[in-house]
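Per-entry structural report
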Amino acid sequence: MKFFKLPDLGEGLAEAEIVEWKVKAGERVEVDQVLLSVETAKALVDVPSPVAGVIAHLCAAEGDILHIGAPLVEFEGGEDDGTVVGKVLGSSQVFEDHFVVGAVAAGSGFTQAMPAVRRLALQLGVDINGLKGSGAGGLVTEMDVQQAFEAQEGSHNEVLKGARRAMAKAMALSHQSVVPVSITDEVDLRAWRADEDVTVRLIQAIGVACRGEPSMNAWFDGDTLTRRLFDEVNVAIAVDSKHGLYVPVMENVAQRTVADLRAGLDRMIADVKARAVPREMLQGATITLTNFGAIAGRYASPVVSPPQVTIVGAGKLFEKVVFVHGEARPVRALPLSVTFDHRACTGGEAARFLRLLVDALEAPEK
């Protein structure tokens, strides 16, 4: 028997969640036939077969989270215990043969598990000695431990997966490395039409503000204390979904028309709902927008995602009273929050950026 392991999906990703199996045990597959779809912190990825053969066993189920190198498929054929592992690199695959080496002999009476799995079981309070391993030779896997954790009697335990898991890791990274400061203001919307497209106007305004204050449209490396300013404005849009938070990217927004931006947003939302956001749409952001006010809330301290240095937050529209020539008038207002990494940007730069945002939004649509 030979095993096909979860291949290296690139970009330093260590794990993936199985979204859908495209094959089943007993089925014959050909080289490069898609075996399954997995979701990483970056995107949904199809995993092809490295060999032609008959599938003897699927080593994991939909919803399981596997680390790179974990067994995916057991193929029929051969007397050796070789393992076929792949590495996905764009359109090409590199395959190597290895041997499975067990920690202890099967049937020894000792629970077989790698040190990392034992450590996870200890952290989650799971008795690893009571588990039946689903891995090769009865090896207890991380997924075995996670499933036991979720099944504990009377508990509501849940191991985060997919977009929620990616979000948790991204937030932890931001907390560890960013020095965040927030600044707020309100936009007077008297010049707006009643049916104004709020999100498109926000994206356009970010493009204008980034051209006027390019220090906010940048990446920062805290280890080398270097920053990179960008000419193109690529806006990551935070999109809420039942699967978690996705942040796809709209590229070069300063050069796009209103109709093109709207069409791009519609495609983006459709992809998020289908849980099928292309990998390339999750890369290359230079600044982020979160329109949390579409749900609730006026002001916030949004979280900066390194290496970016800026995130713009738009709150819920509200009415306020302003005085014009001594006369009180009600007007609609849009609250804005800008959070920036103070290691890379000065307070003056952030304030000028916010002023440019407000000015662009208060101007009549061109």
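You'll find the structure just up there.
Each value, and the rule that gives it
Residues numbered from 1 in each chain as written. Predicted model: local features only at pLDDT ≥ 70, side-chain atom pairs only at ≥ 80, totals over all residues. Heavy atoms only, no water. Helix = DSSP H or I, 4+ residues; strand = E, 2+ residues; numbered from the N terminus. Buried < 20%, exposed > 50% of the residue type's maximum accessible area, 1.4 Å probe, protein only. Contact = heavy atoms within 4.5 Å. Areas by Shrake-Rupley, 256 points an atom, 1.4 Å probe, with all protein chains shown as cover. Axes fitted to C-alpha atoms, helices over the stretch in contact; angles between N-to-C directions. Parallel < 35°, antiparallel > 145°, perpendicular 65-115°, else oblique. Left-handed = near helix turned anticlockwise from the far one by under 90°. Nonpolar A, V, L, I, M, F, W, Y, C, P; charged D, E, K, R; others polar. Salt bridge = Lys/Arg side-chain N within 4 Å of Asp/Glu carboxyl O. Expected span 1.5 Å × (residues − 1). Pairing = 2+ DSSP bridges.

Scanning the protein chain from terminus to terminus reveals six helices and 21 strands. Counting over 366 residues, the protein chain shows a buried share of 42%. Counted over contacts in the protein chain with a minimum sequence separation of 6, partners at least 24 positions apart contribute 61%. Here the protein chain has roughly 18,500 Å² of accessible surface; of this, 54% comes from carbon and sulfur atoms.

The geometry of helix H4 (residues 198–212) relative to helix H6 (residues 347–362) is characterised by a closest axis approach of 8 Å and an angle of 135 degrees between their N-to-C directions. Put simply, H4 runs oblique to H6. Read as a crossing pair, H4 and H6 show a hand that is right-handed. Counting all contacts with H4, which are made through Arg-201, Leu-202, Ala-205, Ile-206, Val-208, Ala-209, Cys-210 and Gly-212, the residues of H6 involved are Phe-353, Leu-356, Leu-357, Ala-360 and Leu-361. Broken down by class, the residue content of the contact of H4 with H6 amounts to eleven nonpolar, one polar and one charged.

Here the focus is the pattern of salt bridges. Oppositely charged side chains can pair when the atoms bearing their charge come close. Taken as a whole and assessed by the stated rule, the structure comprises 16 salt bridges. A salt bridge links Glu-17 to Arg-275, with the nearest nitrogen and oxygen atoms 3.3 Å apart. You can see Glu-17 sitting in strand E2 (residues 15–21) and its partner Arg-275 sitting in the loop between helix H5 (258–273) and strand E18 (287–290), a full 258 residues away along the chain. With respect to burial, Glu-17 and Arg-275 carry one shared label: buried. Linking Arg-193 and Asp-195 is a salt bridge whose minimum nitrogen-to-oxygen distance equals 3.0 Å. A relative accessible area of 57% places Asp-195 in the exposed class.

Here the focus is unusual backbone geometry. The linkage connecting Pro-306 with the following residue, Pro-307, adopts the cis geometry, with an omega of 10 degrees. Within the fold, Pro-307 resides in the loop between E18 and strand E19 (310–314). In this model, His-325 sits at a positive phi of 55 degrees, which is unusual for a non-glycine residue. According to the relative accessible area criterion, His-325 is exposed, its value standing at 83%.

Attention now goes to H4. Because an α-helix completes one turn every 3.6 residues, residues spaced three or four positions apart along the sequence face the same direction. For H4, spanning 15 residues, the distance from its first C-alpha to its last is 21 Å, which sits close to the expected 21 Å at 1.5 Å a residue. Among the residues of H4, Thr-199, Val-200, Arg-201, Leu-202, Ile-203, Ala-205, Ile-206, Gly-207, Ala-209 and Cys-210 are the ones counted as buried.

The subject of this paragraph is the packing of helix H1 (residues 115–124) against helix H2 (residues 142–151). One way to put it is that H1 packs onto H2 with a least axis distance of 9 Å and a crossing angle of 10 degrees. The angle between the axes of H1 and H2 places the two elements in the roughly parallel class. Together, Ala-116, Val-117, Leu-120, Ala-121 and Leu-124 of H1 and Glu-142, Val-145, Gln-146 and Phe-149 of H2 make up the contact between the two elements. Looking at the contact of H1 with H2, its residues break down into seven nonpolar, one polar and one charged.

Turning to the sheet that holds strand E7 (residues 65–67), a few remarks are in order. Strand order in this open sheet of four strands is E5-E4-E2-E7, and the pairing throughout is antiparallel. Where the open sheet ends on each side, the last strands, each with one partner, are strand E5 (44–48) and E7. Direction aside, the axes of adjacent strands within the sheet are offset by 40 degrees on average. Here strand E4 (residues 34–39) runs beside E5; their pairing, made up of five bridges, is antiparallel. Bridge pairing in E5 links Val-38 to Val-45.

Everything listed here is a matter of geometry and, on its own, says nothing about what the molecule does.
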